[in-house]
Amino acid sequence: MILRSVLVAMAVLVWACNEPPTEVGSELIYDTSRVQQLSSTTLPLIVATQPLVTPSYLFNAGMLFIGRTPELHAATLLRFTTLPDTLGWIQPSDILGARLLIRPHRYVVGDSLSNVLAFTVHELRQRWISDDSSGNVVIEPRWDNLFSTDAVPNPQYFDPVPLAVFDGTQKIPLADSLSDVEIPLTADGLQRVATWLQKMADTAARATIYGIGFVPSSSSTVVREFETQATGNPIGALVRLRIYYRRQDGATDSVLVFSGNDATFVRATSPRNGGLPVQSIVRSEVAITLDLSALPPLDAVLNAQLALTTDTTQRIAGNGGIPTTLEIGYTDSTAARSLGFVGGQLAGSARMVFPNIAPLVDYLRQRKQGRGTAIFRSRNARLERLVLLGADAPDSLRPRLVITYIPRPGAPR
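So, how was this worked out
- Residues numbered from 1 in each chain as written.
- Predicted model: local features only at pLDDT ≥ 70, side-chain atom pairs only at ≥ 80, totals over all residues.
- Heavy atoms only, no water.
- Buried < 20%, exposed > 50% of the residue type's maximum accessible area, 1.4 Å probe, protein only.
- Helix = DSSP H or I, 4+ residues; strand = E, 2+ residues; numbered from the N terminus.
- Pairing = 2+ DSSP bridges.
- Lys, Arg positive; Asp, Glu negative; His and termini not counted.
- Salt bridge = Lys/Arg side-chain N within 4 Å of Asp/Glu carboxyl O.
- Polar contact = N/O pair within 3.5 Å; in protein donor to acceptor, adjacent residues only side chain to side chain.
- Contact = heavy atoms within 4.5 Å.
- 1 Å grid on protein atoms, 1.4 Å probe; cavity = no way out; pocket = protein on both sides within 12 Å on 5 of 7 lines; lining within 4 Å.
- Points joined across faces, edges and corners; volume = space filled by probe spheres on them.
- Nonpolar A, V, L, I, M, F, W, Y, C, P; charged D, E, K, R; others polar.

Colleague: So, the pairing of strand β24 (residues 385-388): which residues are in play, and what are the values?
Modeller: Covered by surrounding structure in β24 are Arg385 and Val387 together with Leu386 and Leu388, the residues of both alternating faces. With 4 bridges connecting them, strand β17 (residues 276-279) and β24 associate as antiparallel partners. In the sheet register, Gln279 faces β24, and the bridge partner there is Arg385.

Here you go:
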């Protein structure tokens, strides 16, 4: 009896699957023999690729970077916002000592075996942060304003005499939990601290205390990450300045001063042989311009796969690993519309594949006459770099777009 019931059910299913489509609507199952493809290997679907580098910075992000490698230079500016205004009487002879306290993270880029971090700390000579008419924070300089092409500090921003020196002989370990690095100020630094405290007693003079800058030294082999606080988040160790001084009654006292704003500026060397860099903090992106006019306007796009080749010899990796994903985004500012897709690296390969960007293909075809420019961006918030091979690379290494489509039933041919 059970066997008979199963046979009847199977017969019904077979009959239903072979029933011709109804006249309501259209076919639900496409005839796969009608599926067609367009490929950028035979048609100019990819018009061009080009690098986009926007001079930028990292501001109050909860982390800051200092150091130097052959490919990267990282400098940080900050200002102290809690200098006391009650010590205006102080003289340089009253300053007994001062130390900068800065909390390292385990993250490092560069030669972590030698692990040499070396930098100097300088007083800033002019304003680098301000507010616009709407109260928004404005960071005025960029890397090229702060340093020459040889990474020499611009004397308009940096006083040439260092307040403190971290010469690289003290190695910061690569550990998950690290204590503060303490950097004693030089005799010149102690004099500057006395001047700051004197200026704080004068409302006009205190506006000329612009802060300090951490400048990487040429002997450095790594860029290290340090802790700070993100805007609106009280979690994290700010950069601090501990000042030891003699009170007017002769007793010894100290005050702990906290940083309030910080900005990291990073310079990266350009890849060789026309490689296209994608790097987060440096704000390196890659534009890809598409021309999809060869795609029939009424046909249904089933899939659009985009594949890229990366140059693994020019990537920059930190001790957190190498990025294995990449983002491509398109924004139509006239329609306030954005599309985004994530691609991933094929295991054991230099290829990065976006499995299906069909919504972007459809949008460009329907709204932009089939033409548009999308942007590759890093999904990493640190210093790692991927280098893409562009439209000018040898044929086998160029970006490849394959569009799979099928005529819609009833559409004119």
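Colleague: Mind laying out the side chain of Asp262, listing which residues take part and the relevant values?
Modeller: With respect to the helices and strands, the residue Asp262 is situated in strand β16 (residues 252-268). The side chain of Asp262 sits in the buried core without any salt bridge; Arg79 is the nearest counter-charge, 9.8 Å away. A distance of 2.8 Å separates polar atoms of two side chains, one belonging to Asp262 and the other to Thr228. Excluding residues within four positions of it along the chain, Asp262 makes contact with Leu58, Phe59, Asn60, Ala61, Met63, Leu64, Thr76, Leu77, Leu78, Trp128 and Thr228.

Colleague: Explain the layout of surface pockets residue by residue, including any values.
Modeller: For the largest pocket, the calculated volume is near 390 Å³. Val53, Val266, Arg267, Ala268 and Val282 are, among the 21 residues lining the largest pocket, the residues nearest its centre. Those elements that provide at least two residues to the lining of the largest pocket are β2 (46-53), α2 (143-146), β16 and β17. Ranked by residues supplied to the lining of the largest pocket, first place goes to β16 with 3 residues. Its residues assigned to classes, the lining of the largest pocket comprises 10 nonpolar, 7 polar and 4 charged.

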